Amino acid sequence: MAGASSQSGMKAALSLIGKRFASSLLTLLLVSVTIFVIAQLLPGDAAQEALGQSATAEQVAALRHEMGLDRPAYVRYASWLTGMVSGDPGQSMVANMPVAGVIAERLPNSLLLAALTALVAVPVALTIGIGSAMNRGGRIDRALNIATLSMVAVPEFLVATIAVLIFSVKLRWLPSIALASEEMGWGDYLRGVAMPILTLSVVVIAQMARMTRAAVIDQMDRPYVEMAVLKGVAPVQVVLKHIMPNAIAPIVNAMALSLSYLLGGAVIVETIFNYPGLASLMVNAVTSRDMPLLQACAMIFCAAYLLLMLIADVTAILANPRLRAQ
Amino acid sequence: MIASAFKRAKTLPLSGKVGLTLVLFWLAVALFGPMLAPYPVGAFVAYDVFEGQSAAHWLGSDYLGRDVLSRLLSGARYTVGLAAAAAMLASATGTALALTAAVGGAKVEEPLSRFMDMLISIPSKIFSLVLVAAFGSSLPLLLLIAAITYVPGNYRIARALAVNLAQMDYVQVARARGEGRFHIAITEILPNMIHPLLADFGLRFVFIVLLLSGLSFLGLGVQPPDADLGSLVRENISGLGEGALAILAPAVAIATLTVGVNLLIDALPGRGKGR
Amino acid sequence: MSPFSRRDLIGAGLGIGAGLLLPDGALAASRPRVGGRIRVASLSSSTADTLDPAKGALSTDYVRHYMFYSGLTVLDRQLIARPALAERMDSTDQIAWHVRLRKGVTFHDGADLTAADVVWSLLRHKDAATGSKMAQIAEQFAQVKATGRHELTIRLTGPNADLPTILAQSHFLILRAGTRDFRTANGTGPYMCAQFRPGVRTLARRNPNYWKPGKPYLDEIELIGIPDEVSRVNALLSGDVHLVIAVNPRSTKRIMASRGHALLETQSGLYTNLIMQQRQLPTGNPHFVAAMQYLIDRPLIKRALYRGYATIANDQPIPPFHPYYRADLPQRSLDLDKAKWHLQRAGLTGVRLPVYASPAADGSVDMASILQEYGSRVGLKLAVNRVPADGYWSTHWMKHPLGFGNTNPRPTADLLFSLFYKSDAAWNESGWKNPRFDRLLLEARGEADQARRKQLYGEMQGLVHDHCGVGIPVFISLIDGYDRRLKGLYPVSLGGLMGYQFAEHVWWEG
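Here we summarise the structure given alongside this text. In this text the structure is predicted, and so the values were computed from the model without any measurement. (Residues numbered from 1 in each chain as written. Chains lettered and ligands numbered in written order. Predicted model: local features only at pLDDT ≥ 70, side-chain atom pairs only at ≥ 80, totals over all residues. Heavy atoms only, no water.)

Quick look at the overall build of chain A
What counts is decided by this rule: The secondary structure listing takes helices from DSSP runs of H or I that are at least 4 residues long and strands from runs of E that are at least 2 residues long, numbered from the N terminus. Accessible area is worked out with a 1.4 Å probe on protein chains only. A residue is then buried under 20% of its type maximum, exposed over 50%, and partly exposed in between. In this description, contact between two residues means that some pair of their heavy atoms is separated by no more than 4.5 Å. Neither His nor the chain termini are counted; the positive set is Lys and Arg, and the negative set is Asp and Glu. Here the site of a charge means atom NZ of a Lys, CZ of an Arg, CG of an Asp or CD of a Glu.
On a plain count of helices and strands, chain A comes out with 14 helices and zero strands. Reading chain A from its N end, one meets helices and strands in the order α-α-α-α-α-α-α-α-α-α-α-α-α-α. Buried positions account for 57% of the 326 residues belonging to chain A. A fraction of 74% describes how many contacts in chain A between residues 6 or more apart in sequence connect residues 24 or more apart. Averaging the locations of the 21 positively and 18 negatively charged side chains of chain A gives two centres separated by 16 Å.

The following block contains the structure:
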């Protein structure tokens, strides 16, 4: 029976992946259109921003022509889209190099920071969430509750600044800026990103932990759990074997949501620690009106989000037999 | 009615009472704060910047020599008002759409989910940056940005809950009884989602407070001389090194407000009727 | 007397008193020492970072360009043009300028510097495709022609005594002729480009073949941008960087409290000004302008916004420490009665006006708040509209009746007045028109006699003070923070980090 169940789970997961692939392309298209449209609402364009205050009208016109900005908007979008479909995200208007090259420098930094943060935050959040649910109403639960709430209630720039004041300026243990450069060893790198990870963790742990707690508690009052408890199953077993499979859908969803924040939402952390990541690159792209770069960043954030959601849903399906029927 | 509310409040656990007190306190500040402020919000009243506590300035002076207490009292209403309104708007919209999706079948769910995916995958701060640069900063726009930013999150979680509940036996039974889809959504599914959704609402409230302060970091936000609590923290951040009250006071204000809201929500009798 | 007489060298530029011609480091207590590696944090860093001097837009760019390239001339700390790649530069009519280049100067790739490189480097500013920030100024170059391997002639469209000073700006630094690829730098500057990653960092290594013997001193400079001021100061205090630009006056206390760090204050001509559009009412009403000027509490702005790191200004753009400053203009100060009276005369009591401010114009949001506060006491309701820094210059600046601008120091009074105050200037912020001012400006530009120049510029200051629609509250001092082991720093009023040129002058005693 277990074999059959896991087989049907795999099948359901595979068909979900297949369906998702098509709908993901649709979502990406939707995002690119939206980004393009709202970016058109922005005052000024790349040519104007590049030349700055000092530009004369002729200069702006010349540069606009060179950048191809004198073409109608739909033509620009179409040419971007055809490029994208054939695998070429185009040329960055401002950096004067291929978008792929600009992204390639930053993407690994962002992914690494997000992955390390997830590595720290997910286990902590799960432990806190399940732990406080099992102690519902108890002293530990209340203490953890207040702790997570206070953690999330502090603006992240304040967390980051306080951390810098303590660990770099006062104690001098950690560098105040996270410079990711190639001649750096792993030790230096980890020291450099310790505070960015800390700051981002503070932001995401609380949400994940609280959703975990809520989802677990929600299941705890159900008859099947009472049955298991009455049958004398150990509390840890009840949680892991009986509750988690049913609570997993909202939990993994909350986690995926929080983790997707680690890429695009890291802009403040990237700014404060001067970490060369994708979020600040995207802010750059907005302020310099560099459309191809902006689009590429948006595509990456969207794809990452969709992937996380897919992982969340697949996990949920594999864990909960009831969802497989869908 | 007031009496019954009072009776209800008395039955709350201690944490709930603390939460209720904090929430009521901040509501009062939001409503009456500007009247109580000893100085005008933009007045330069202290000779020095980042002054400590004194009889004239209970919470010292800020980075320009303005009275921190006055700015706090005047700023609370932006944070409380904007965050509460945006969180409610986001949660109501998100949950309504999620229920529609859960009972509406694939034809409704697909486009809705794609749309939500699109909204959520654009980083919120960058989204705000673009919108504010395009339309200029105003309170309705900030409200809209905050609401739009947090609708998809609520939708995701509500949908996951609703889909799960829709598979439950009692819902299947109701369906077999021939009850209407929306009737089922509202009477059978929604009440059982309330508790996790309320927890989510509390968090969203916090996130919106933080989003507003994050926006102030990027130079967006409420128009000066007014400032929301997050902006007060941000604009005085250079006083952190000297431990200025000008930064501690609004940070504590944010913490008590958000913790209060969440304590109250957690203490509410969460489980719905009718299962 | 110096080997370059004033007339020979700089025509009649800003050369008041030939200045000390000591080596730059000689004033300092210790002798420069070779070696060491420092990290420098500038203001911003983005994908728009460039190695093309013509495109330089921000302090980070200027610093980077001065590391890798050299100019024909260089400004010393009194802002007097000195010879650099040009050994001599002279003119009898201020129109035709003869330049003789230093011999034996090599680019980083080993090629010799010749007149062809200079001609190409100057003329590219006139090509719209270059996207030069100096295109408007380069329009003055009627002809630039090589007259020998190391000699050339620059012919201007009209007399300009300031040419040597103009050419010292970073945009006019000299490139190898035909350079198209700006992924790395090939210049004649004190450092060579070891790595350039836009938005991340620039790595500069000592150029052993630099044409100034013995210089530079440092082995390596890593230049990064930290846009957030609090982070920048924290990075300095934690020892991660050794020199930072643009310290907020509010952070000075922290730096001064640290034993290992110090501040470098540079009095500069930088100002943030209130713009009252003259082409429309009510802001074009002279009584309104006067009322606003009397509402500015300059000492408060100096104290609260800049903690004293500012010089009180008098609604005209030449700062008190400038050689052409006119000291006898009466100083305007906060006067609510006068403001009220002028407001009544303008018939504007009780009127509500929006004023646009932005973090893009340093301090303008707070200045607007101060104006709003005092305005409310005389019956003027100002509504502060804070708009994002993003897009401010293209969409808001000069587009509203009441707004703010921000003007960086310029090396000459002529540049400042021509760019911002001439009637037909593109950035004539308030849109005032004064034919007398325009005539004086042209006359002063071709005038070689210093005393006469000072008189002409003095009258122009008076005209701006009395009739122009700007309010200039203070000149903002620039503050850098540095590690005390870094030696040889001194202020140059053109900008922070020694007018962006610290790289070749400083040394490390670690």
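Still to come is the rest of the account.
Brief notes about the overall build of chain C
For the record, the criterion: Between the two quantities, the radius of gyration covers C-alpha atoms and the globule rule is 2.2 Å times the number of residues to the power 0.38. Here, Shrake-Rupley sampling with a 1.4 Å probe gives the accessible areas, and only protein chains in the shown set may cover a residue.
Broken down by element type, chain C carries 16 helices and 22 strands. Over its C-alpha atoms chain C spans a radius of gyration of 23 Å, differing by no more than 12% from the 24 Å that the globule rule assigns to 510 residues. For chain C, the C-alpha atoms occupy an extent of roughly 70 × 55 × 45 Å along the three principal directions. Relative to its full complement of 510 residues, chain C shows a buried share of 66%. Residue pairs at least 24 apart in sequence account for 71% of intrachain contacts in chain C once pairs closer than 6 positions are excluded. Total accessible area on chain C is roughly 17900 Å²; 51% of this is exposed by carbon and sulfur atoms.

Some points on the pairing of strand 9 (residues 201-206) of chain C
Rules: At least two bridges found by DSSP between two strands is the condition for calling them paired.
Bridging between strand 8 (residues 191-197) of chain C and strand 9 of chain C involves six bridges; their strand directions are antiparallel. From the neighbouring strand, M192 of chain C faces strand 9 of chain C, where its bridge partner is R205 of chain C.

Topic: the pattern of salt bridges
This is how the line gets drawn: Salt bridge, as applied in this entry: a Lys or Arg side-chain nitrogen positioned within 4 Å of an Asp or Glu carboxyl oxygen.
Following the criterion strictly, the structure yields 41 salt bridges over all chains and no others. For D313 of chain A, the salt bridge goes to R20 of chain A, with nearest N and O atoms at 2.3 Å. Note that D313 of chain A is positioned in helix 13 (residues 291-319) and R20 of chain A in helix 1 (residues 2-41), a separation of 293 residues in sequence. For R20 of chain A, a relative accessible area of 17% gives the class buried. A network of salt bridges, in which partner residues are shared, links R37, R39, R201, R205, E220 and E222 of chain C.

Remarks on the interface of chain B and chain A
Using the following cut-off: Two parts placed together each lose some accessible area under a 1.4 Å probe, and the buried area is that loss summed for both. Polar contacts, as counted here, are pairs of nitrogen or oxygen atoms within 3.5 Å of one another; within protein the pair requires one atom able to donate a hydrogen and one able to accept it, and residues that are adjacent in sequence qualify only if both atoms are side-chain atoms.
Chain B puts 58 residues into the contact, and the matching count from chain A is 60 residues. When chain B packs against chain A, close to 5300 Å² is buried across both sides, 73% of that on carbon and sulfur atoms. In this structure, the connection of chain B to chain A is made through one salt bridge. For K125 of chain B, the salt bridge is made with E156 of chain A, and the minimal N-O distance between the two is 3.4 Å. Here chain B and chain A share four residue pairs in polar contact (both at pLDDT 80 or more) between them.

Regarding the interface of chain A and chain C
Which entries qualify depends on this criterion: In this count, Pro and Cys sit with the nonpolar residues alongside Ala, Val, Leu, Ile, Met, Phe, Trp and Tyr, while Asp, Glu, Lys and Arg are called charged and the others, Gly among them, polar.
Listed by partner, the interface residues are 42 residues for chain A and 43 residues for chain C. Between chain A and chain C the total buried area reaches about 3200 Å² when both faces are included, carbon and sulfur atoms providing 52% of it. The interface formed by chain A and chain C contains one salt bridge. Ionic pairing is found between E105 of chain A and R197 of chain C, a salt bridge with its closest N-O pair at 3.5 Å. Viewed at the interface, chain C and chain A are joined by six residue pairs in polar contact (both at pLDDT 80 or more). Of all the elements in the fold, those that place two or more residues in the side of chain A that touches chain C are helix 2 (46-51), helix 3 (57-67), helix 5 (99-134), helix 7 (156-170), helix 11 (267-272) and helix 12 (278-287) of chain A. Considering every element that reaches the side of chain A that touches chain C, the biggest residue donor is helix 7 of chain A, with five residues. A breakdown of the residues in the side of chain A that touches chain C according to their chemical character gives 19 nonpolar, 15 polar and eight charged.

Observations regarding the packing of helix 10 (residues 235-264) of chain A against helix 6 (residues 139-166) of chain B
For any two helices packed against each other, the geometry comes down to the angle between their axes and how far apart the axes lie. Note the cut-off: Think of each axis as a best-fit line through the C-alpha atoms, taken over the contacting stretch in the case of a helix, with angles from 0 to 180 degrees between the N-to-C directions. Note on terminology: angles under 35 degrees are roughly parallel, angles over 145 are roughly antiparallel, angles of 65 to 115 are roughly perpendicular, and the others are oblique. Should the near helix be turned counterclockwise from the far one by less than a right angle, the crossing is left-handed, whereas a clockwise turn marks it as right-handed.
Relative to each other, helix 10 of chain A and helix 6 of chain B sit at 165°, their axes nearing to 9 Å. Judged by the angle between their axes, helix 10 of chain A and helix 6 of chain B are roughly antiparallel. Considering the relative orientation of helix 10 of chain A and helix 6 of chain B, their crossing is right-handed. Contacts between helix 10 of chain A and helix 6 of chain B involve N246, A249, P250, N253 and L257 of chain A from the first element and G153, R156, I157, A160, L161 and N164 of chain B from the second. Along the lines of polarity and charge, the residues of the contact of helix 10 of chain A with helix 6 of chain B split into six nonpolar, four polar and one charged.

Details of helix 10 (residues 336-345) of chain C
An α-helix turns once per 3.6 residues; consequently, residues spaced three or four apart project the same way. Residue and element names in this part refer to chain C. Applicable threshold: The arc in question is formed by the directions pointing from the helix axis toward the C-beta atoms.
For helix 10, the complete set of buried residues consists of A339, H342 and L343. One side of helix 10 holds all its buried residues, which, seen down the axis, span an arc of 100°. Facing away from the buried side of helix 10, by more than 90 degrees, are the exposed residues D337 and R345. On its buried side, helix 10 packs onto helix 8 (286-295). Measuring from the backbone nitrogen of D337 back to the side-chain oxygen at the start of helix 10 gives 3.2 Å, which picks out D335 as the cap.

Description of the pairing of strand 4 (residues 86-90) of chain C
All names here are of chain C. Here strand 4 runs beside strand 5 (residues 96-101); their pairing, made up of four bridges, is antiparallel. By the bridge assignment for strand 5, M89 is matched with V99. Counting the residues that bridge the hairpin from strand 4 to strand 5 gives five residues, and of these Q94 lies at a positive phi of roughly 60°.

Observations regarding the nonpolar core
Applicable threshold: Throughout this description, the term nonpolar core refers to a set of buried Ala, Val, Leu, Ile, Met, Phe, Trp, Tyr and Cys residues connected via side-chain atoms within 4.5 Å.
Residues I189 of chain B together with M292, F404 and Y421 of chain C are the most contacted members of the largest nonpolar core, which totals 278 residues. By residue number, the principal contributor to this core is helix 3 (residues 68-104) of chain B, which donates 18 residues. Filtering out sequence-adjacent residues up to four positions away, I189 of chain B remains in contact with L99, V103, A162, L165, A166, V171 and I184 of chain B. If you look at the next biggest cluster of nonpolar residues, it comprises 41 residues, including I38, V40, L173 and C193 of chain C.

What to know about the sheet that holds strand 12 (residues 261-266) of chain C
What holds strands together in a sheet is hydrogen bonding between their backbones, with the strands either parallel or antiparallel. Overall, mixed pairing links the seven strands, which are arranged 8-9-10-1-11-20-12 (chain C) in an open sheet. Edge positions in the sheet fall to strand 8 and strand 12 of chain C, since each has one partner strand and no second.

Thoughts on the sheet that holds strand 5 of chain C
All names here are of chain C. Taken in spatial order, the four strands line up as 4-5-7-6 in an open sheet, and their pairing is antiparallel. Bordering the open sheet on either side are strand 4 and strand 6 (141-148), each of which pairs with just one other strand. On average, adjacent strands in this sheet sit at an angle of 20° to one another, irrespective of strand direction.

Topic: the packing of helix 8 (residues 186-220) of chain A against helix 10 of chain A
Residue and element names in this part refer to chain A. As a packed pair, helix 8 and helix 10 sit with axes 9 Å apart at the nearest point and diverge in direction by 160°. The angle between helix 8 and helix 10 falls in the class roughly antiparallel. Considering how the two elements wind past one another, helix 8 and helix 10 form a crossing that is right-handed. Along the contact surface, helix 8 presents L200, V203, V204, Q207, M208, M211, T212, A215, V216, Q219 and M220, while helix 10 presents I243, M244, N246, A247, P250, I251, A254, M255, S258, Y261 and L262. Counted by class, the contact of helix 8 with helix 10 contains 17 nonpolar, five polar and no charged residues.

Things to note about the packing of aromatic side chains
Basically, it comes down to this: We call Phe, Tyr and Trp rings a pair once their centres come within 6.5 Å, taking the six-membered ring for Trp, and we label the pair stacked below 30 degrees between planes, edge-to-face above 60, and tilted otherwise.
Applying the stated criterion to the full structure yields 18 aromatic pairs over all chains. Every member of this aromatic cluster is reached through a ring pair, and the members are Y324, F417, Y421, W432, F437 and Y457 of chain C.

What to know about the side chain of E429 of chain C
Residues and elements named next belong to chain C. Mapped onto the fold, E429 is located in the loop between helix 13 (413-420) and helix 14 (435-446). No salt bridge is formed by the buried E429; its nearest oppositely charged neighbour, R410, is found at 8.9 Å. A polar side-chain atom of E429 sits 2.9 Å from a polar atom in the side chain of W397. Once residues within four sequence positions are removed from consideration, E429 is found in contact with N273, I275, Q277, W397, M398, G405, N406, T407 and F420.

A closer look at the environment of T258 of chain B
Counting through the fold element by element, T258 of chain B comes out in helix 10 (residues 245-267). The exposure class assigned to T258 of chain B is buried, which follows from its relative accessible area of 1%. Put simply, T258 of chain B and Y155 of chain B are 103 residues apart on the chain and 22 Å apart in space, counted from C-alpha to C-alpha. In this view, T258 of chain B contacts A153 of chain A together with F205, V206 and V209 of chain B; residues no more than four positions away in its chain are not counted. For T258 of chain B, the side chain forms a polar contact with the main-chain oxygen of I254 of chain B, separated by 2.8 Å.

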